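# Observations on chain architecture
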Amino acid sequence: MMNKYRLMSPGPTPVPPEVSAAGALPIIHHRTPEFGEVFTRVNENLQRVFLTEADIFTFSASGTGAFEAAVQNLFSPGDKMLVVNNGNFGERWVKMGRAFGLEIVELKYDWGVKADNDEVAEAVASNPDLKAAACVLSETSTGTVNDIKGFAEATRDVITIVDAVSGLGACELRTDEWGVDVVVAGSQKALMTPPGLGFVSVSERAMAAHEESTMPRYYFDFTAAKKAYAKNPPQTPWTPAVSVIIQLDLAVQQILSEGLENVFERHVLLGRAAREGIKGMGLTLFGPDEDMNSAVTAAYVPEGIDGKAFVGGLFREHGIQVAGGQGPQEGKIFRIGHCGYFDAYDIIATIAAAELALEAQGFDLELGKGVGAAQRVFSKSGAVA
Ligand code: PLP
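Residues numbered from 1 in each chain as written. Predicted model: local features only at pLDDT ≥ 70, side-chain atom pairs only at ≥ 80, totals over all residues. Heavy atoms only, no water.

## Remarks on the sheet that holds strand β5 (residues 130–136)
Judged by pairing direction, the sheet is mixed, and its seven strands sit side by side in the order β2-β10-β9-β8-β5-β3-β4 without closing on themselves. Strand pairing shows two members of the sheet lacking a second neighbour, β2 (55–59) and β4 (103–108), which therefore form its edges. Strand-to-strand twist of the sheet, defined as the mean angle between neighbouring strand axes without regard to direction, takes the value 20 degrees. Here three bridges tie strand β8 (residues 159–163) to strand β9 (residues 182–186), and the two strands are oriented parallel to one another. Paired with V162 across the two strands is V183, which belongs to β9. The strands that helix α8 (residues 204–212) touches are β2, β5, β8, β9 and β10 (198–202); relative to β8, the one it contacts most, it runs at about 105 degrees. The sheet strands contacting helix α9 (residues 222–229) are β2 and β10, and the helix crosses β2 at an angle near 105 degrees. (Pairing = 2+ DSSP bridges. Helix = DSSP H or I, 4+ residues; strand = E, 2+ residues; numbered from the N terminus. Axes fitted to C-alpha atoms, helices over the stretch in contact; angles between N-to-C directions. Contact = heavy atoms within 4.5 Å.)

As structure tokens, this is what we get:
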């Protein structure tokens, strides 16, 4: 049977049709009032999504590029950065920091385990020369969301960097209120935009650190970005991914018209329904069964089932693209992404297809039990009529 394609990965994610269509518009030049109007609006609206009054620099790069920009602009070689590593992306920032000559204080947890902010505070206290501390909001490799409010409290004496690549626009993150100095994000997840843009919000304290930093840099230079943003109308120093910025403008307007608090609530429900659906099927969740984990849901592939064949079959036989496990979890877990343009029926369809795919592979389950459990979350909440 023909199946519709459903992208249920934790990034890139599906984009609303209007956002898709905007990518096909004629290219406009980036040094014109027309682009300036879009860029001014998008910068102001991004501040409403980041919940910050700080500058947010947009780079034509992916999230990793945006994190690299933070490293290049905030530090000098030999500086010390604490990094929470409880998954693939925490691990990436450890490696990146070392690649740039930083001394890394690594706070390592098993994948799927949340950072303990008392231990973070102890690590800060025992490293008085620490310059910054980094933590991932939503660790996409596991679905686990770290308590960033507590992390920012524990690290308030140093520059706080948060990787919100999959979390921003899905999970609660109150940048200024919680005292987060630097938030790193990307366009292709909860911001409902194609891949191609990376963002870094920079507090005044972080900007002051930038002014002292001696790390070599050129393309990702905050000073060059700030100078270009100060022009009238604001610009980027180099040619930006114009079409993606125009798409982002529409996507961010959609987020704000839904209302950021409603967006957070929708994600909580999507996560809860995904977890109940997984448990209803008789599978085991990977990571804590908590409403905080609202961007990505990870579960163990049941014993006796080939994880890669399951994920591949979901796509080939049912049109549903979920993600497999990364690193040590490859083949062992699968991940359902629901950060961004997702609704109740995306989750219900995914659980329904997972039941069919597992049954086809000989897993003993009762069709509909997972689907019913997911549906009940939505019906109880009144989110669907
Ligand atoms: N950080 C997190 C939490 C992510 O989920 C990702 C991408 O999946 C990245 C960083 C890296 O972003 P990119 O692939 O856009 O470079």
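## Examining empty space enclosed by the protein
In this approach a probe as big as a water molecule rolls over the atoms, and the regions it shows empty are the leftover space. Within this structure, the stated rule accounts for three cavities of 30 Å³ or more. Lining the largest cavity are T58, F59, S60, Y219, A225, Y229, T236, P237, W238, T239 and P240. For the lining of the largest cavity, the elements supplying multiple residues, two or more each, are β2 and α9. For the lining of the largest cavity, the residue count by class is seven nonpolar, four polar and no charged. Looking at the second largest cavity, the residues that line it are T142, G143, T144, R275, L285, F286, G287, P288, N293, V296, T297 and A298. Per element, the largest residue contribution to the lining of the second largest cavity is three residues, and it comes from strand β11 (residues 296–300). In terms of residue class, the lining of the second largest cavity is made up of five nonpolar, six polar and one charged. (1 Å grid on protein atoms, 1.4 Å probe; cavity = no way out; pocket = protein on both sides within 12 Å on 5 of 7 lines; lining within 4 Å. Points joined across faces, edges and corners; volume = space filled by probe spheres on them. Nonpolar A, V, L, I, M, F, W, Y, C, P; charged D, E, K, R; others polar.)

## Details of the UniProt feature "domain: Aminotransferase class V" (unreviewed entry) in the chain
In the UniProt entry, the feature "domain: Aminotransferase class V" (unreviewed entry) is given for residues 28–326. Each end of residues 28–326 is marked by a C-alpha atom, and these two atoms are 39 Å apart; helix forms 43% of the span and strand 17%. (UniProt positions renumbered as here; feature names shortened; annotations may be inferred.)

## Focus: the UniProt feature "modified residue: N6-(pyridoxal phosphate)lysine" (unreviewed entry) in the chain
Per the UniProt record, the feature "modified residue: N6-(pyridoxal phosphate)lysine" (unreviewed entry) sits at K189. Along the chain, K189 falls in the loop between β9 and β10. On the accessibility criterion, K189 (9% relative accessible area) is buried. Those residues within four positions of K189 in sequence are excluded, and the remaining contacts are P10, G11, T13, T140, V165, S166, C339 and G340. (Buried < 20%, exposed > 50% of the residue type's maximum accessible area, 1.4 Å probe, protein only.)

## Re the pairing of β8
Counting buried residues along β8, five of its five residues qualify, which places the element largely inside the surrounding structure. On β8, burial covers both faces: I159, I161 and D163 on one face and T160 and V162 on the other are all buried.

## Here's the deal with the site of the ligand
Taken together, 13 residues are adjacent to the ligand, and S62, T64, T140, D163 and K189 come closest. At 2.7 Å, a side-chain N or O of Q188 approaches an oxygen atom of the ligand. K189 has a polar side-chain atom sitting 2.4 Å from an oxygen atom of the ligand. When the free accessible area of the ligand is taken as 390 Å², the share hidden by the protein chains comes to 87%. Those elements that place two or more of their residues in the shell around the ligand are α3 (63–74) and α4 (88–99). Residue contributions to the shell around the ligand peak at three residues, all from α4. For the shell around the ligand, the class distribution of residues is four nonpolar, six polar and three charged. (Near = heavy atom within 4 Å. Polar contact = N/O pair within 3.5 Å; in protein donor to acceptor, adjacent residues only side chain to side chain. Areas by Shrake-Rupley, 256 points an atom, 1.4 Å probe, with all protein chains shown as cover.)

## Thoughts on the pattern of salt bridges
For the structure on display, the rule yields 18 salt bridges. Ionic pairing is found between D291 and R275, a salt bridge with its closest N-O pair at 2.7 Å. With D291 in the loop between α11 (260–280) and β11 and R275 in helix α11, this residue pair connects regions lying 16 residues apart in the sequence. Assessed through its relative accessible area of 31%, D291 is described here as partly exposed. (Salt bridge = Lys/Arg side-chain N within 4 Å of Asp/Glu carboxyl O.)

## Topic: the environment of L197
Along the polypeptide, L197 turns up in the loop between β9 and β10. Classification of L197 as buried rests on a relative accessible area of 0%. Note: C-alpha distance between L197 and A61 (136 residues apart in sequence) is 5.0 Å. What L197 contacts, discounting residues up to four positions off in sequence, is T58, F59, S60, A61, A185, G186, S187, A241, V244, I245 and L248.

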